[in-house]
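A look at the structure
Residue strings, one per chain:
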Amino acid sequence: MDEDEIEAKARQFRLAIGVDDSDWLDVPTLVYKLKRLLPGISYALVEDYELLDPGGRWDADKNQLLIRRSVFEKANRPNADPRARFTIVHEIAHAYLGHAGVRNRSAKGSLEKAISTKIRRIETITDRFAAAVLAPLHRIKPNENAASIALRFGLSKQASEIRADQAARDYRRKNGLTRPIPNSVRKIIDELRYGKKNET
């Protein structure tokens, strides 16, 4: 699945659950909407000691999302934790995309993820899908910065920086624009061209 397909699938999900015109999504409500969209899926809130992974797990064999109660609560408060929101949508993504087996959202890479190209690819797709559900490209304004994206869509600093870069790249591609040359590269080009350091 390439980037455009992931974005299209995330948009399809947003349309199917009736949130495509929204910026800030109430993430716990997405769990309920997923259950309506895909009957047979269940979810359970578990205590932290019951789920050693830092947030959630998708078990395809049981058709079940497991979410730490503390993560669910952090995502459901007025000043919702961006990482908790992302964790829940990441697990929803595994379910919606039909990923097999047991998938975990963990803060640190597991040995399985480190050695398996297939699992790394699945996790990359799932992260991109989660970001596209939370902050879809069609809702991000041209040249919108990461801080604004974080505030409007409830993403972490890191996720919003990645999403801002993806949105800028998508905008340039759709409008036939080239990426501006960074100043550091421009200085090197000038040094090579003129044979001396440019004092700018």
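Coordinates for the structure precede this section.
Residues numbered from 1 in each chain as written. Predicted model: local features only at pLDDT ≥ 70, side-chain atom pairs only at ≥ 80, totals over all residues. Heavy atoms only, no water.

**Here's the deal with the packing of helix 6 (residues 117-134) against helix 8 (residues 157-174)**
Rules: The convention used is that axes are lines fitted to C-alpha atoms, helices contributing only their stretch in contact, and that angles between N-to-C directions extend from 0 to 180 degrees. In this text, helices come from DSSP runs of H or I with a minimum length of four residues, and strands from runs of E with a minimum of two, each type numbered from the N-terminal end. An angle below 35 degrees is read as roughly parallel, one above 145 as roughly antiparallel, one from 65 to 115 as roughly perpendicular, and any other as oblique. It only takes one pair of heavy atoms within 4.5 Å for two residues to be counted as in contact. Under the convention adopted here, Pro, Cys and the residues Ala, Val, Leu, Ile, Met, Phe, Trp and Tyr are nonpolar, Asp, Glu, Lys and Arg are charged, and Gly plus all remaining residues are polar.
In contact at an axis separation of 11 Å, helix 6 and helix 8 are set at 80° when each is read in the N-to-C sense. Considered as vectors, helix 6 and helix 8 are oriented roughly perpendicular to each other. Note on element contacts: helix 8 touches helix 6 through Arg163, Gln166 and Arg169, opposite Arg128, Ala131 and Ala132. Broken down by class, the residue content of the contact of helix 6 with helix 8 amounts to two nonpolar, one polar and three charged.

**Concerning the environment of Lys62**
Selection criterion: Any residue under 20% of the maximum accessible area for its type is buried, any over 50% is exposed, and the rest in between are partly exposed; the area is computed with a 1.4 Å probe on protein chains only.
In this fold, Lys62 is placed in the loop between strand 2 (56-59) and strand 3 (64-68). When its relative accessible area of 58% is taken as the criterion, Lys62 is described as exposed. Lys62 sits 21 residues away from Ile41 along the chain, and the two C-alpha atoms are 8.3 Å apart.

**As for helix 4 (residues 82-96)**
Rules: To estimate the expected span of a helix, subtract one from its residue number and multiply by 1.5 Å.
For helix 4, spanning 15 residues, the distance from its first C-alpha to its last is 21 Å, which sits close to the expected 21 Å at 1.5 Å a residue. With 13 of its 15 residues buried, helix 4 lies for the most part within the structure. Phi turns positive one or two residues past the end of helix 4, at Gly98, with a value near 70°.

**Concerning the nonpolar core**
Where a protein is soluble and globular, its nonpolar side chains tend to be buried together. Under the convention used in this document: Throughout, nonpolar core names a set of buried Ala, Val, Leu, Ile, Met, Phe, Trp, Tyr and Cys residues whose side chains join them through atoms within 4.5 Å.
Counting residues in each nonpolar core, the largest one holds 43 residues, and the members touching the most others are Phe13, Leu34, Ile88, Ile92, Phe129, Val133 and Leu155. Listing elements by their share of this core, those giving two or more residues are helix 1 (3-16), helix 2 (27-37), strand 3, helix 3 (69-75), helix 4, helix 6, helix 7 (146-153) and helix 8. Ranked by residue count, the leading element in this core is helix 4, at eight residues. Residue contacts for Ile88: discarding those within four places in its chain leaves Val27, Val31, Ile67, Val71, Phe72 and Ala75.

**Overview of the pattern of salt bridges**
Defined as follows: By convention in these notes, a salt bridge is any Lys or Arg side-chain nitrogen within 4 Å of a carboxyl oxygen on Asp or Glu.
Going through the model one piece at a time under the given rule, you end up with 16 salt bridges. Of the charged contacts, one joins Arg173 and Asp4 as a salt bridge, the two residues approaching to 2.8 Å between their closest N and O atoms. Here Arg173, found in helix 8, pairs with Asp4, found in helix 1; they are 169 residues apart in sequence, far enough to count as distant. Since its relative accessible area comes to 41%, Asp4 is described here as partly exposed. Taking the shortest distance from any N to any O, the salt bridge between Glu161 and Lys157 comes out at 3.0 Å. In this pair, Glu161 and Lys157 both sit in helix 8, four residues apart, roughly one turn of the helix. Using a relative accessible area of 40% as the deciding quantity, one classes Glu161 as partly exposed. Each of Glu3, Glu7, Arg128, Arg163, Asp165 and Arg169 takes part in one network of salt bridges that share partners.

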